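Coordinate analysis (summary)
Spelled out, the chains give:
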Amino acid sequence: MLKSSNNIELNKQVLGQQVTLAGWVDRRRDHGHLIFIDLRDRSGIVQLAFNPEISPEAHETASKMRSEFVIQVTGTVSLRPQGTQNLKLPTGEIEITVESAKILSQAKTPPFYINEEVEVDENVRLKYRYLDLRRPRMKHNLLLRYQVIRYMRNFLDEREFIEVETPILIKSTPEGARDYLVPSRVYPGKFYALPQSPQQLKQLLMVAGVEKYYQIAKCFRDEDTRADRQPEFTQLDIEMSFVEEQDVMTLMEDLFTGLVESVKPELTVVKPFTRLTYEQAMERYGSDKPDLRYGMEIGDVSDIADSSGFEVFKTAINQGGRVRGIVAHGCAGYSRRQLNELNEIARLAGAGGVVAIALEAGDTPLDLITLDEVKSQALKYLTVEQIIRFGKKLKAGRGDLIILAAGKDELTSTVLDRLRREFGKRLQLIDNKVVHFCFITGFPLFYRDEANDRWDSMHHPFTSPREEDKDIMTTQPEKVYGRHYDMVLNGFEIAGGSIRIHEPELQRKVFRLLKYSDLQIDERFGHMMEAFEFGAPPHGGIAAGIDRLVMLLCGESSIREVIPFPKNQNAQDVTFGAPDSVSKEQLDELGIKIIEN
Ligand code: ASP
């Protein structure tokens, strides 16, 4: 090799050793007589000292070196002079006294600083992603991603899983998003679809007798790009035969606990993982992906609200809704502007607003609070007793702000979830060192798609109903629960899976309920239905989003920061300039004609 050591390996233990190093010029300091260069390789930085008395040629070459030049040097590991040591750097006690040096490659001035953490426009970063990835933060993210995937592979290998690749050119899969289509040249007018997930393939692998499958799988969904969504993303995809919910969840708990403790030992994993039903999660946090690193639970105060003379409350309750609330500790002094901000959040969530009740701070207990110590836009409709009861039910105290939302559960959940998240940030309730996983189970199997007058799967149509609900599936679909489980981490859904249907008749019943005709079922899923007739084992699985997981472990707020070559916010690949137009010949071959709008 052109180098004998990695920079990071050099320290006091190897003083006097002659080494050959190669890498990039991170920084150059010209002190006239002496030139110092911080040499960067993947492992880290080491200081090179060029002294003309030791090698005039090397010193001369160093004077031509600039940032990001690729260089090679040979020299001796030496102690840095007293007072010039840098204990922040792992190699900060030594330097390399350079005896010979060579420029391997010159570099233009980069479009942004590589050696400084500065804000750079994202499109510029993505265009020059190879330079962006040289930066310490991105290098760290890239490495952590690798460690996460390596941990997964090793863990599953030990548990006798085998990794099986599945095709990228397949047929539309019903995961609920839009497909990416690939036109076929051989069959003009026909298309492959890129997999939204390997769902059907992993189930077929169970029929094939694989028993324990996993894959680091690429999935493609044509959805609008967001901070935690990309057109193509990576999942840890798992499927197992002869399992029930607990088996899959326990496997995930072991895997993710070990993973975080191994790659991020400075973080604390809350053990055992919290388990909530969908109903509990919605009731207590207004969300099926709650951030459990802080409390601020939602409480139901409908009974108290109903006894008030406040129309807003009464109407909501009469229309089948409820009045629910949260408490923001220490926020009684909120200004009108701050209260307006809360109302704005509620309005964006679809509500008319929220009712805020500020319990002024004071020495007397809540029981003795007087009306002139309470501030609220609804004050004239409430008695002091009702306010005290609200406070007690929601565990509020003097100095706190009670926030109430009235309406259908869907609405109050959305509003209070958004406000809870907002206060989580504002009141700094979140401990960033805590990793709080949670399983959510007990989801309804279907939801009503009113617009199309049909039922749709809450997750995907391969999820099995609970045994006890199978008989009522066609008669009372709204009462059927699925054997689905989600895994949530710090407010993000990071995995989802289920015990599957393995009986062909039951699978057909589900498809019919979703308003597929028998012809459509046979055309789209005939391969699966038939496979289930050849001895399908009971099976279940899960898929975890690797990008989101790594994003959270890296403390980043966008998955683009942890994907080596992501699409930008507009779903474009800026490095390559994709999507792009293609030649007329290519289109003709595919039998495609572009119609300009
Ligand atoms: N295929 C599902 C998904 O991608 C996960 C699963 O059910 O295993 O979300």
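Residues numbered from 1 in each chain as written. Predicted model: local features only at pLDDT ≥ 70, side-chain atom pairs only at ≥ 80, totals over all residues. Heavy atoms only, no water.

As for the overall build of the protein
Along its length, the protein carries 16 helices and 24 strands. Dimensions of the protein, computed from C-alpha atoms along their principal axes, come out at roughly 90 × 75 × 55 Å. Out of the 597 residues in the protein, the part that is buried amounts to 50%. Counting contacts in the protein only where the partners sit at least 6 residues apart, residues at least 24 apart contribute 67% of the total. Across the protein, the 77 positively charged side chains and the 90 negatively charged ones have centroids separated by 3 Å. (Helix = DSSP H or I, 4+ residues; strand = E, 2+ residues; numbered from the N terminus. Buried < 20%, exposed > 50% of the residue type's maximum accessible area, 1.4 Å probe, protein only. Contact = heavy atoms within 4.5 Å. Lys, Arg positive; Asp, Glu negative; His and termini not counted. Charge placed at Lys NZ, Arg CZ, Asp CG, Glu CD.)

Here we look at the sheet that holds strand S1 (residues 18–31)
Judged by pairing direction, the barrel is mixed, and its five strands sit side by side in the order S1-S2-S3-S5-S4 before closing back on the first. The sheet shows a mean angle of 55 degrees between the axes of neighbouring strands, direction not considered. With seven bridges connecting them, strand S2 (residues 34–41) and strand S3 (residues 44–50) associate as antiparallel partners. Among the inter-strand pairings, Leu39 is bridged to a residue of S3, identified as Val46. (Pairing = 2+ DSSP bridges. Axes fitted to C-alpha atoms, helices over the stretch in contact; angles between N-to-C directions.)

Looking at the pairing of S1
The side chains of a regular strand alternate, first on one face of the sheet and then on the other. One ladder, built from seven bridges, connects S1 with strand S4 (residues 70–79); its direction is antiparallel. In the sheet register, Ala22 faces S4, and the bridge partner there is Gln72. Here S1 runs beside S2; their pairing, made up of seven bridges, is antiparallel. Across the sheet, Arg28 pairs through a bridge with Ile37, a residue of S2. Counted between consecutive antiparallel strands, the loop separating S1 from S2 contains two residues, among which Gly32 sits at a positive phi close to 75 degrees.

Concerning the pattern of salt bridges
As enumerated under the stated definition, the model contains 58 salt bridges in all. In this structure, Glu122 engages Arg560 in a salt bridge whose closest nitrogen and oxygen atoms are separated by 2.7 Å. Residue Glu122 is located in helix H2 (residues 122–127), and its partner Arg560 is located in the loop between helix H15 (546–553) and helix H16 (584–590); the two are separated by 438 residues in the primary sequence. Here the two residues Glu122 and Arg560 agree in accessibility, since each one is buried. Between Glu223 and Arg229 there is a salt bridge, with its nearest N and O atoms 3.7 Å apart. Residue Glu223 is classed as partly exposed on the basis of its relative accessible area, which comes to 28%. (Salt bridge = Lys/Arg side-chain N within 4 Å of Asp/Glu carboxyl O.)

Re the site of the ligand
Contacts to the ligand come from Glu175, Ser197, Gln199, Lys202, Arg221, Gln235, His460, Gly496, Gly497, Arg500, Ile542 and Ala543. The separation between an oxygen atom of the ligand and a polar side-chain atom of Arg221 is 3.0 Å. In the model, an oxygen atom of the ligand is placed 2.8 Å from a nitrogen or oxygen of the His460 side chain. Taken together, the elements giving at least two residues each to the shell around the ligand come down to helix H5 (199–207), strand S23 (492–499) and strand S24 (539–545). Classifying every residue of the shell around the ligand by side-chain character gives two nonpolar, six polar and four charged. (Near = heavy atom within 4 Å. Polar contact = N/O pair within 3.5 Å; in protein donor to acceptor, adjacent residues only side chain to side chain. Nonpolar A, V, L, I, M, F, W, Y, C, P; charged D, E, K, R; others polar.)

Describing the sheet that holds strand S15 (residues 355–359)
Here five strands make up an open sheet; going across it, the order is S13-S14-S17-S15-S16 and the pairing antiparallel. Each edge of the sheet is formed by a strand with only one pairing partner; in this case those strands are strand S13 (299–300) and strand S16 (374–376). Contacts from helix H9 (residues 311–318) reach strand S14 (322–328), S15 and strand S17 (401–407) within the one sheet, and its direction differs from that of S17 by about 45 degrees.

Digging into the environment of Ile94
Tracing the backbone shows Ile94 in strand S5 (residues 94–105). Residue classification places Ile94 among the buried positions, given a relative accessible area of 0%. Between the C-alpha atoms of Ile94 and Gln13, which are 81 residues apart in sequence, the distance is 10.0 Å. Setting aside its immediate chain neighbours within four residues, Ile94 contacts Leu10, Asn11, Lys12, Leu15, Val46, Val77, Ser78 and Arg80.

Things to note about the packing of helix H4 (residues 136–158) against H15
Two elements in contact, H4 and H15, have axes whose closest approach is 10 Å; the angle formed by their N-to-C orientations is 125 degrees. Between H4 and H15, the angle falls in the class oblique. Two packed elements cross with a definite hand, and for H4 against H15 that hand is right-handed. Seen from H4, the contacting residues are Asn141, Leu144, Arg145, Val148, Ile149 and Met152; seen from H15, they are Ile546, Asp547, Leu549, Val550 and Leu553. Residues of the contact of H4 with H15, tallied by class, amount to eight nonpolar, one polar and two charged. (Parallel < 35°, antiparallel > 145°, perpendicular 65-115°, else oblique. Left-handed = near helix turned anticlockwise from the far one by under 90°.)

Structural notes on the nonpolar core
Met152, Leu236, Ile238, Phe256 and Phe437 are the most contacted members of the largest nonpolar core, which has 45 residues in total. A per-element tally of this core places helix H6 (residues 245–263) first, with nine residues. Formed by 24 residues, the second largest nonpolar core is a distinct cluster that contains Val355, Leu366, Ile369 and Phe390. (Core = buried A, V, L, I, M, F, W, Y, C linked by side-chain atoms within 4.5 Å.)

Overview of unusual backbone geometry
For the peptide bond that leads from Lys271 to Pro272, omega is -10 degrees, which places it in the cis range. Inspection of the secondary structure puts Pro272 in the loop between strand S11 (268–269) and strand S12 (274–277). The omega angle of the peptide bond from Ala578 to Pro579 is 0 degrees, so this bond is cis rather than trans. Position of Pro579 relative to the elements: it lies in the loop between H15 and H16. Non-glycine residue Lys515 carries a positive phi angle of around 70 degrees. Mapped onto the elements of the fold, Lys515 is located in the loop between helix H13 (504–513) and helix H14 (518–531).

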